[in-house]
Structure formats: C-alpha cells, structure tokens
Amino acid sequence: MWKVSFFWLLIVLAIFSWAAWYIVLHNVSPVQSPEIAFLLFYAALFCSVTFTASLVMALLWKAIIPTKSSYYCLKNGIREGLLLGITFCLAVFFQQYQYLGWQEIALLASLALLIETFFMIQSD
C-alpha cells in the first residue's frame, strides 16, 4: 500500500482539505457572505471526511484481506469514503436546521449500508 502513489496523493489531499476546512471555518463569515460561506463549508467538510475515510477504509480493507491488491483496497476505500462523506454532510446539514434525531440517524445509516451492500453484491 505504501508503494502506490495514489495512496500518497490521498494523504496529501486529506491534509490540504482539513486545512481548507479549518480556514473556511475560522475566516469566512456566514453573516457577511452567507451564499459562499455555507457552500465552502460543506464542500471543504465533504472533501475532508471523504479523503480521510477513504484512507482509513482502504487500510482496513488491506488489513482484513491482505491478499487483495492495493488498487482493489483503494477502490473500495474511496467508494466507502464517498458514502461516509455524503452521509456525514447530510447529518451536519440536518443538525444545522435542528432536524437530526434518532430516526434521521438510523435512516442515513441504513441508506448508506444498503448502498454499500448493493455495491458489494455487484462486485462478486
């Protein structure tokens, strides 16, 4: 996994996206520019969560099934990172409007699990 250049690219992208999210969170005012502040906030948060979750999930795939190729593990990790990024951003959006309850959490989690199950069945 350490020899794959795309893995190192994901690490760099994760670091830059967390830095971008920090800059947006602390330097962009939603009062002065609400149309750009929320867009930048959610875009940077999505990239941060997606790249970080992709790295973690790819490493978990490689740890669980070490005989699979690194590209297979990265492909699955990126897919699961995208699902987690979308789910996390939706949860933050619901939390922003104070709609996040146990039913919404269960709905988001079950939707993400169903999508992942669909992709796992299709890959066999």
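Everything below is about the structure shown above.
Residues numbered from 1 in each chain as written. Predicted model: local features only at pLDDT ≥ 70, side-chain atom pairs only at ≥ 80, totals over all residues. Heavy atoms only, no water.

**A few points about the overall build of the protein**
Each helix and strand counted, the protein has four helices and zero strands in total. What you see in the protein, going N to C, is helices and strands ordered as α-α-α-α. The principal-axis extents of the C-alpha atoms in the protein amount to approximately 50 × 35 × 20 Å. Out of the 124 residues in the protein, the part that is buried amounts to 30%. Relative to all contacts within the protein whose residues are 6 or more apart in sequence, the contacts with residues 24 or more apart total 66%. Each charge sign in the protein was given a centre, from 5 positive and 5 negative side chains, and these centres are 20 Å apart. (Helix = DSSP H or I, 4+ residues; strand = E, 2+ residues; numbered from the N terminus. Buried < 20%, exposed > 50% of the residue type's maximum accessible area, 1.4 Å probe, protein only. Contact = heavy atoms within 4.5 Å. Lys, Arg positive; Asp, Glu negative; His and termini not counted. Charge placed at Lys NZ, Arg CZ, Asp CG, Glu CD.)

**Topic: the nonpolar core**
Of all hydrophobic cores here, the largest spans ten residues; its members are Met1, Val4, Phe7, Leu10, Ala14, Leu55, Ala58, Trp61, Cys73 and Leu74. The set of elements that each furnish at least two residues to this core consists of helix 1 (5-27), helix 2 (34-64) and helix 3 (70-96). Once residues within four sequence positions are removed from consideration, leucine 74 is found in contact with Met1, Val4, Phe6, Phe7, Leu10 and Ala58. Tyr42, Ala44, Leu45 and Cys89 belong to the second-largest nonpolar core, a separate cluster that totals eight residues. (Core = buried A, V, L, I, M, F, W, Y, C linked by side-chain atoms within 4.5 Å.)

**So, unusual backbone geometry**
Even without glycine at this site, glutamine 98 takes up a positive phi of about 55°. Along the chain, the position of glutamine 98 falls in the loop between helix 3 and helix 4 (102-123).

**Details of the environment of isoleucine 78**
The residue isoleucine 78 is located in helix 3 in this model. A relative accessible area of 24% places isoleucine 78 in the partly exposed class. As for isoleucine 78 and leucine 10, which are separated by 68 residues in sequence, their C-alpha atoms are 9.5 Å apart. Apart from the residues lying within four places of it in its own chain, the contact partners of isoleucine 78 are Phe6, Leu10 and Ser54.

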